[in-house]
Amino acid sequence: MAPSVPDWSLQQKGASDQRRHQAKIREALRDQLGELITEDAIITSEGGRAIKIPVRSLEQFKFRFHPWESDRVGQDQGQVKPGDIIGRLPVKAKSGSKGDQAGEEAGTDYYEVEVTLEDIEDLLFSELGLPYLRQKPKAALPEPRLEFKDVARRGLMGNLDKRRSLRANLLRHAKAGRAELGPWHPDDLRFRTWIQEEVEEHNAVVIAMRDISGSMGDFKKQMSRLFAFWMMRFLRRQYRSVDVVFLVHHTQAREVSEQDFFQLGESGGTKVSSVYELCESVIASRYPSALWNIYPIHFSDGDNWSDADNRRTVESIQRLLIQANVVGYAEIREGGYSSTLMSQFSKIVHPRFCVVTITGRDDLYPALKAFFPRTEQGK
Amino acid sequence: MNTVTSAYPDDRVIAELAQSHGLKLCPVIFEMVPASVLYEFAAYLIPGRMAHWSFGKQYQLLKLRYDYGLGKLYEMVVNTNPAYAFLLESNSSLENTMVRCHVFGHVDFFQTNYVFEPTHCNMIDVVSHHADRIRQYEFQYGRVVVEALLDSAMAIEEHVDWAPPDLSGLPPARAANDRGEADAGYPDLKPAAAKGSAHRSTRASEYPAWDLLDIIVRHSDGLDSWQRDVVSMVREEMQYFWPQIRTKIMNEGWATYWHIRLMQELDLSDSDYVDYARLSAAVTAPHDFQINPYGLGVRVFEDISRRFGEREMFFCREVEDDVSFVRNHLTQEIVDDLHLFVFGRDQQNVVVKSKDWKIVRDQLLHELTHGGVPVISVEDGDFHHRGELYLLHHHDGVDLDLPYAEQTLKHVFKLWGRPVHLDTVSSGRRMVLTAEGDTITQVLV
């Protein structure tokens, strides 16, 4: 008997299989990432709060009976009587707004995993990169700088300021009548000490631009909101601080608050060049490219008034590309037609000009990856 | 525990007391283990078992519940000879005394109940060898490959031949024969590879068959010999667990009956006795409208003993399983006393439907039949004369969960290597599901 009986205290399989299970959860979430990042519950959840996500691939499928078709036998302490309601059917777990295939109604309880916004970010951001990051003169990602600038009466002996200590000793004895070095007293000692220098940080600025003309419907608003949300979260993770400037336009462009940016909708025509020109002037006045990593991104459905303005826009973009790290254009449209703006833009061939088209929720994830490609260069 | 001035009786004293009442015991090895180890054994159901993520999932669940103070496990008994009983290190001495009494009840049940007759007496060895071979295969063929194979085999693990037809209540002659080979030495070294090389049987006489995994091991087109070995390991382990699934109520009831009996006869202080009574009551109480098998089982055994005498009770623990136990011995009085009821869906609500004892009994029998697992037979292993597998669901009033069935059928396809069909009934209409690759088709017949 004895030889093959395991040593119970060496049991570790539970922990290692638990890790494997966790790894499978991560894999499954990664596979579902495209859906997860368009999940309203996730982006509206405040950090740290977990939400439940059904993970289908971790379900252990069996031949089993339909869970609620037949009755069951229960037991209590005698409280209930026939007719009493003792519970509600579990609300069908469903992955957000993605319609499940027809014929899936029976599977009520998929294995659910609790995730937080941070979990999703970790997964998403490990798929994204920050290409064309430029070293800015005053350190793009600075450490706080420590400077010895102050003197204190207490401190570490290693930081002893000998000259000042000698002077204090001399002064004390001089006051007492003898102007020479004498016996030492702890009060004589002076130490050099540091203060944390607040270094002016020039990091990154996102210039978010959005077409608020009548042609931008709810779907378009939501997609631009989601895209901007993940973009800002991502950049905030990469940089110590990220400035965001919100510009909206119809025939004229103006700067607005974040709230207005996502909510405004106005009727009227569209003149795209107006916003790109405003963008240029914002950069020129507040965000010199020598100091900032600049990420302009424009959301539009691609409608523009005139070809002349399209050309003007292209010229503006050419100028922007000199200053910005990446210039992004996200065309959000529901139909399959191609826009005049897009056909103009497609003529711009530049590695740092990134054009994505979003026609459905599924496109968001590839769009983010196109905008922030993970390359060797990007790391 | 075997210190000199122990206020509590040790294993030997309790074992002798149990034997004096007629319990048939084999040697029991008691081991004190920390919670992490006990919960690990509970997740794997037996120590030393192969690695698989699903056990890790279960382990995490149990451990989490323990850490949050929900659902504490006091012990786990492994049906081997000698038997192993793992007790939680943090149990009090009083708790452990009760647990020891309880354990002897289980050990007697394992030794005497007929459904355990074919059980291998050294299953820890068997599963440890399985675990070694799985590890070896992981090394040779890659962890992901082995894992995917286990996923598929485990999806249908219940569909093994767990018992011969229950004709006379006699010990199963057929199972004994099947086991003849197994019992002679190392069952896990059965020449699975040799079996695997057998060609697909076209003999109609083999069908219908109930042992889906066995048919796959012997006749699948899609498996190498090592893969057949893995599937037969899953099969063998499940055959070990089936008797426990079939006797959950009886087994726990019997162990509870004996911890109550033996504790009454042990010399305990008054305060200990009050603590014990509280503990024991908690063990048999229902939670969340779930039937408590401990409470139900012990109540039925007590009733048999009261009405027909102790001999009859001992006889029942030998020749019944949960289905016959409930069918033969559940009475109106017990259903009323234990507040059993039938509940179910009424639109979006869960509603108490009846407390009528016959309705309760019949519903319970339905839940217990075949361990609550749909009965599925292999009707043909060469369907269409193209080597396709034809499964039949024996519909007994409740439909299958179709999305689950579809996903499971994909696993069967992976094991079989040729199209797989499942004949079932859904919403009153007969239909055949077919899995081929990742595609599922539904045809109404």
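Scroll up to find the structure this text is about.
Novice: Run through the pairing of strand S8 (residues 420–426) of chain B, naming residues and quoting values.
Specialist: Residue and element names in this part refer to chain B. Burial within S8 is extensive, with six of its seven residues counted as buried. With four bridges connecting them, strand S7 (residues 388–393) and S8 associate as parallel partners. If you follow Leu392 over to S8, its bridge partner there is Asp423. As a crossover connection, the stretch from S7 through helix H18 (residues 402–416) into S8 is right-handed. Note: S8 against strand S9 (residues 429–436), seven bridges, orientation antiparallel. Note that in S9 the partner of Asp423 across the bridge is Val432. Between S8 and the antiparallel strand that follows it, S9, lie two residues; Ser427 among them carries a positive phi value of about 50°.

Novice: Help me get a handle on the sheet that holds strand S10 (residues 293–300) of chain A, residues and values and all.
Specialist: Residues and elements named next belong to chain A. A sheet is described by the order of its strands in space; here six strands give the open sequence S9-S8-S7-S10-S11-S12, paired in mixed fashion. For this open sheet the edge positions go to strand S9 (253–256) and strand S12 (353–358), each flanked by a neighbour on one side alone. Geometrically, the sheet is characterised by an average inter-axis angle of 20° between neighbouring strands, direction not taken into account. Note that strand S7 (residues 204–211) and S10 share seven bridges and pair parallel. Bridging across to S10, Ile207 finds its partner in Pro296. Docked against the sheet, helix H6 (residues 218–238) engages S7, strand S8 (242–249), S10, strand S11 (327–332) and S12, running at close to 165° with respect to S10. In this fold helix H9 (residues 307–323) packs onto S10, S11 and S12, with an angle of close to 135° to the strand it touches most, S11.

Novice: Any chance you could break down the nonpolar core for me, citing the residues and the numbers?
Specialist: Nonpolar side chains in soluble globular proteins tend to be buried together. In this structure, Phe63 of chain A together with Ile216, Val231, Leu389, Leu391 and Leu422 of chain B are the most contacted members of the largest nonpolar core, which totals 69 residues. When neighbours within four sequence positions are excluded, Leu391 of chain B is seen to be in contact with Phe63 of chain A together with Leu212, Ile376, Ser377, Val378, Leu409, Val420, His421, Leu422 and Asp423 of chain B. Judged by nonpolar contacts, the second largest core, of 60 residues, contains Leu25, Ala83, Leu266 and Met313 of chain B.

Reading guide: rules and limits
- Residues numbered from 1 in each chain as written.
- Chains lettered and ligands numbered in written order.
- Predicted model: local features only at pLDDT ≥ 70, side-chain atom pairs only at ≥ 80, totals over all residues.
- Heavy atoms only, no water.
- Buried < 20%, exposed > 50% of the residue type's maximum accessible area, 1.4 Å probe, protein only.
- Helix = DSSP H or I, 4+ residues; strand = E, 2+ residues; numbered from the N terminus.
- Pairing = 2+ DSSP bridges.
- Right-handed = clockwise from strand over helix to strand, strands pointing away.
- Axes fitted to C-alpha atoms, helices over the stretch in contact; angles between N-to-C directions.
- Contact = heavy atoms within 4.5 Å.
- Core = buried A, V, L, I, M, F, W, Y, C linked by side-chain atoms within 4.5 Å.

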